[in-house]
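Per-entry structural report
Chain residues, written in single-letter form:
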Amino acid sequence: MRRQIVIGNWKLHGDQQFVAELLRELMNGWIGVHQAEVVVCPSFVHMDLAGRTLGHSNIMLGAQDVSHFAEGAYTGDVSASMLHDLGCHYAIVGHSERRRHYGETNELVAKKFQAAQDARLVPILCVGESAKEREQGITLEVIGRQLQAVADYCGAERIARGVIAYEPLWAVGTGKIASPEQAQEVHEFIRRGLGPAGVVTRIVYGGSVTPSNAQSMFAMPDIDGALVGGAALRASDFLEICRAAE
Ligand code: PEP
């Protein structure tokens, strides 16, 4: 019932040549009809190139972030409607690196979530606990607070129409992955919290996913795909992860 989705987050990497080559390799490796949906998220400056290169291919375009403003005097921002205009379908909101390095709060993330949906983008809402919070046994409480902030601002039913990415902070970019059981526990908690509407919500895992561990994650009943950082920069690795989701 839920179509698996694998999202590549390219972060602050690459130049035009790198982007064009990576896209070509991905497009060549992902021809035809597939059960899993594949999304790539290049930097803002490479979105136009990526959109034109992908054309009508079956690889979708996503953004790594989005402004919470629709338009106006907000120097440096990129709005959801600008992204939609470029052929973008998804926007990551609340990635842990944006929360950590740019002080993004749950409230700001909620505004971004709404701004994305208002412009017909599908927000990919990142939530996750720190190593300390997991040690303290408050993982579910932290995740619950992050989701509640969006529910309070947008209404609970809107969260169910987005994609949720569970990304434990201690697993993002560290090479240390959560066990499938640890991830499943959180995914099940998130789905239960969404109520009946959550049956169709895609909840993906992110944090050091590689070709060697993807299959065991995808075997869990509430894990509907992955948000991939490092391994998304190598076409062969990323394609292997995508195939594991089928
Ligand atoms: C991410 O950037 O969201 C991520 C999960 O990174 P990595 O796969 O490198 O841990």
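Our subject is the structure listed above.
Structure report, in brief. Quick caveat, the model's predicted, so the values are computed rather than measured.

**Some words on the site of the ligand**
- With respect to spatial proximity, 14 residues lie near the ligand, and among them Lys11, Glu167, Gly173, Ser208 and Gly229 are the closest.
- Here Lys11 contributes a side-chain N or O atom positioned 2.7 Å from an oxygen atom of the ligand.
- In the complex, 95% of the free accessible area of the ligand, which totals 290 Å², lies under the protein chains.
- Split into classes, the residues belonging to the shell around the ligand amount to four nonpolar, eight polar and two charged.

**What about the packing of helix α1 (residues 16–29) against helix α11 (residues 235–244)?**
- Taken N-terminus to C-terminus, the directions of α1 and α11 make an angle of 35 degrees; their axes are 10 Å apart at the nearest point. Viewed along their axes, α1 and α11 form a crossing whose handedness is right-handed. Contact with α1, carried on its side by Leu22, Glu25, Leu26 and Gly29, involves Ala235, Phe238, Leu239 and Arg243 of α11 and no other residues of that element.
- A breakdown of the residues in the contact of α1 with α11 according to their chemical character gives five nonpolar, one polar and two charged.

The rules behind these values
- Residues numbered from 1 in each chain as written.
- Predicted model: local features only at pLDDT ≥ 70, side-chain atom pairs only at ≥ 80, totals over all residues.
- Heavy atoms only, no water.
- Near = heavy atom within 4 Å.
- Polar contact = N/O pair within 3.5 Å; in protein donor to acceptor, adjacent residues only side chain to side chain.
- Areas by Shrake-Rupley, 256 points an atom, 1.4 Å probe, with all protein chains shown as cover.
- Nonpolar A, V, L, I, M, F, W, Y, C, P; charged D, E, K, R; others polar.
- Axes fitted to C-alpha atoms, helices over the stretch in contact; angles between N-to-C directions.
- Helix = DSSP H or I, 4+ residues; strand = E, 2+ residues; numbered from the N terminus.
- Left-handed = near helix turned anticlockwise from the far one by under 90°.
- Contact = heavy atoms within 4.5 Å.

Note that every value here comes from positions in space, so none of it alone points to a role or purpose.
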